[in-house]
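Observations on the three-dimensional arrangement
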Amino acid sequence: MKPLPLNTSALRLCAWSGPALVILFFVGLVPLAGFIPPPAPSDSAELIASWYQEHTIAIQIGVLVMVTGTAFNATFGASIAVWTRRGEAMPVLTYVQLICLAFVVVDAFFTGMVWGVAAFRPDEVAADTTRMLNDLGWFLFLFTWPPFTVWLLAIGLGVIWDKSDHPAFPRWVGYYNFWVALLIVPAGLMIFFKHGPFGFNGLITFWMPTFVFFTWICVMTYMVLRAISAEEQRRALPAPSVDPQPVRG
Amino acid sequence: MSTTVPPSSGVPGGSVPQDRLRRTRHVPGEVGAWVFILGDLAAFALLFGVWMYYRGMEPRLFADSQAEVHRSFGAINTLLLLTSSLCVVTAVRAVRAQMHRLAQAAIGLALVCAVGFLLDKVLEWTDLVANGHGPTTNNYFLYFFVLTGLHAFHVLIGMGILIALARLSGKPSLSEGQFSFVEGGACFWHMVDLIWVVLFALLYLMH
Amino acid sequence: MTGQLVALLRNRISLIWLVLIAATLISWWIGTGDAANPQLGTAAVFVVVFIKVRLIGLYFMELRDAPLPLRLLFEGYCLVVCTTLLAMYLTSGVG
């Protein structure tokens, strides 16, 4: 029976969902909802509540745009996992990625949804309630770093430990994943701080991990597309004949 | 850019890839390891900048608080890490020279130094907190504890890597990839040492 | 094994280690340093740290034998970090 041909369309669609995710998150959170730069954790409940009240429609639209992108975590993550799968005899690292991805999708979605609830009827709820919902959204965005870190560690190990004839990714990609996995860790510090670089609007806890993670999506998209093209070319080569004769010109 | 295995590796009878013995220019470990190491150094550079920034906002507070800290704890930690780095360098050179038992002993000593570092750190932290200087006391101590804490986290990761190196250095022959990991892992440990050297100066010495 | 150890340690690396240890001991002993001119003392601390960091990188990490781009990246890192931190120190208030 002939082997199935490679479905590069599906592979490429999933890879490109990564940039789509970045764009939807960016457009939703920055110009529309205005969540980036984040409000300060030290802001009073009244300030936060009034911000939600004054920008209700913009926040609602922005959040809707953002959550539309959250499912693309699944497609994008799958586009990477399919390559580490190839390098494993028993794909435990791939399984780890997929399980962590399931959480990532839920987490990304709930982040937007909680902010959406905060923006649903901010005039009718107490300011404290609005601020707590706002905080909850930021916890979902940042404090949930462990599955992200484990996801990226699994990718990194999958790349480094790929013993196949044609590894999908160069080895530095594995180390790059280790680095991003590590730089996400300080996001956990947000629980302790309401000011400064370790608060949820801080340099080390928000800006560094967020910047590093979203650039990671773009870098990995590029490497996945390269892997797809390389695999296409490899399969397009004529198979070596059973009794190869050297060609003498 | 997949790593192709050169013919000199895995030579029966146990040997080390030949190009490691010649003094040619080579990347210690592999390129990917330096993506990680330089990247981690960059993250710590950000942290150093954060320290200097907040110090610049309250120089008197930082100077006064620094006087409460015992330089001895920091200095002993520096000496311990520098010695552990020498052990690791010796271990890598021992692996190259096929001295497996010596390599494992050297890494063992490096691990002892690392444990000493962490013990000293715990002693120092408990001493500070007992004297009323905790991470919530003021900005100096906040950044002191966070920075040394993040560094201690790296020491723990480094110890895990050293244990892996100890296992590898016991093998009669190493493949190209395994030897790269030995060199790269050693460089990670030196990075941990390097970061501490800077932290010692920033947290304990400058005024 | 002792003979092997001695053979390995009779190397420039051990000398570098001694220099690093000595620099650490000196800074430990100097204490709060010259109270009359703290800026000079601290600038000296920065320079010494810069040297220590370079020694660790070039000798322990073996970057002396590394390809030039990698070595330049490391040297560049040391230079940028040292000058930036020093500049931040000098432009901040007096401790």
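Located above this text is the structure these notes cover.
Let us look at the structure shown here. (Residues numbered from 1 in each chain as written. Chains lettered and ligands numbered in written order. Predicted model: local features only at pLDDT ≥ 70, side-chain atom pairs only at ≥ 80, totals over all residues. Heavy atoms only, no water.)

**Re the overall build of chain A**
Using the following cut-off: Only DSSP runs of H or I with at least four residues qualify as helices, and only runs of E with at least two residues qualify as strands; both kinds are numbered from the N terminus onward. Pairs of residues are marked as contacts when any of their non-hydrogen atoms sit within 4.5 Å. Calculation of accessible area relied on Shrake-Rupley with a 1.4 Å probe; when residues are assessed, cover is drawn exclusively from the protein chains displayed. His is not counted here, nor are the chain ends, while Lys and Arg score as positive and Asp and Glu score as negative. A charged residue contributes its charge at one atom only: NZ of Lys, CZ of Arg, CG of Asp or CD of Glu.
The helix and strand inventory of chain A stands at 9 helices and 0 strands. Listed N to C, the secondary structure of chain A is α-α-α-α-α-α-α-α-α in terms of helices and strands. Projected onto its principal axes, the C-alpha coordinates of chain A cover approximately 85 × 30 × 30 Å. Within chain A, counting contacts between residues at least 6 apart in sequence, those at least 24 apart form 79% of the total. Carbon and sulfur atoms form 71% of the exposed surface of chain A, whose accessible area is close to 12,400 Å². Side chains of chain A carry 13 positive and 14 negative charges; the gap between the two charge centres is 17 Å.

**Brief notes about the interface of chain B and chain C**
Our working rule: Buried area: the accessible area, evaluated with a 1.4 Å probe, that two parts lose upon being put together, summed over both parts. Salt bridge, as used here, is a side-chain nitrogen of Lys or Arg placed within 4 Å of a carboxyl oxygen of Asp or Glu. Any pair of nitrogen or oxygen atoms within 3.5 Å is treated as a polar contact; in protein, a donor-acceptor pairing is required on top of that, and neighbouring residues in sequence qualify only through side-chain atoms on both sides. Residues were grouped as follows: Ala, Val, Leu, Ile, Met, Phe, Trp, Tyr, Cys and Pro as nonpolar; Asp, Glu, Lys and Arg as charged; and all remaining residues, including Gly, as polar.
Counting residues at the interface gives 53 residues for chain B, matched by 45 residues for chain C. Contact between chain B and chain C buries roughly 4,600 Å² in total, counting both sides, with carbon and sulfur atoms accounting for 75%. At the surface where chain B touches chain C, the tally comes to 1 salt bridge. With its nearest N and O atoms 2.9 Å apart, the salt bridge here joins C:Glu62 to B:Arg96. Taken together, the connections running from chain B to chain C amount to 8 residue pairs in polar contact (both at pLDDT 80 or more). Sorting the residues of the side of chain B that touches chain C by element identifies helix H1 (31-57), helix H2 (59-68), helix H3 (71-96), helix H4 (100-130) and helix H6 (176-205) of chain B as the ones contributing at least two each. The element best represented in the side of chain B that touches chain C is H3(B), accounting for 15 residues. By residue class, the composition of the side of chain B that touches chain C is 32 nonpolar, 11 polar and 10 charged.

**A closer look at the pattern of salt bridges**
Test applied: Burial classification: accessible surface area is computed with a 1.4 Å probe over protein chains only, and a residue below 20% of its type maximum counts as buried, one above 50% as exposed, and the rest as partly exposed.
Applying the stated criterion to the full structure yields 10 salt bridges over all chains. Across the pair A:Arg121 and A:Glu124 runs a salt bridge whose closest N-O atoms are separated by 3.7 Å. Judged by its relative accessible area of 60%, A:Glu124 is exposed. Among the salt bridges present, the one from C:Glu75 reaches C:Arg54, with a minimum N-O distance of 2.5 Å. Of this pair, C:Glu75 sits in helix H4 (residues 68-90) while C:Arg54 sits in helix H3 (residues 38-60), and the two are 21 residues apart along the sequence. Here C:Glu75 falls in the buried class, since its relative accessible area comes to 18%. Its relative accessible area of 28% is what places C:Arg54 among the partly exposed residues.

**Digging into the interface of chain A and chain B**
Across the contact, 19 residues belong to chain A and 21 residues belong to chain B. Taking both partners together, chain A and chain B bury about 1,800 Å²; carbon and sulfur atoms supply 82% of that area. Applying the counting rule to chain A against chain B returns 1 salt bridge. A salt bridge links B:Glu30 to A:Arg171; its shortest N-O distance comes to 2.7 Å. Seen at the junction of chain A and chain B, the total is 3 residue pairs in polar contact (both at pLDDT 80 or more). Listed by contribution, the elements that provide at least two residues to the side of chain A that touches chain B are helix H8 (171-184) and helix H9 (203-236) of chain A.

**Some remarks on the environment of B:Ala110**
All names here are of chain B. By the element assignment, Ala-110 lies in helix H4. Between the alpha carbons of Ala-110 and Gly-32 there is a distance of 24 Å; along the sequence they are 78 residues apart. Leaving out residues up to four positions away in the same chain, Ala-110 has contacts with Ser-84, Cys-87, Val-88 and Leu-162.

**Looking at the arrangement of the chains**
Among the 2 pairs of chains in contact, the pair with the most contacts is chains B and C. With no contact between them, chain A and chain C keep their nearest C-alpha atoms 14 Å apart.

**Some thoughts on the packing of aromatic side chains**
All names here are of chain B. Rules: Ring geometry is summarised as follows: Phe, Tyr and Trp rings, the Trp one being its six-membered ring, pair when their centres sit within 6.5 Å, and such pairs are stacked at plane angles under 30 degrees, edge-to-face over 60 and tilted between the two.
What the rule picks out here adds up to 44 aromatic pairs over all chains. Relative to Tyr-140, the ring of Phe-62 has its centre 5.5 Å away and its plane inclined at 85 degrees; by these criteria the two rings are edge-to-face. One end of the pair, Phe-62, is in helix H2; the other, Tyr-140, is in helix H5 (residues 139-169), and 78 residues separate them in sequence. For the pair shown, Phe-62 and Tyr-140 are each scored as buried. The structure contains a cluster of three or more aromatic residues connected by ring pairs, namely Trp-51, Phe-62, Phe-117, Trp-125, Tyr-140, Phe-141, Phe-144, Phe-145, Trp-196, Phe-200 and Tyr-204.

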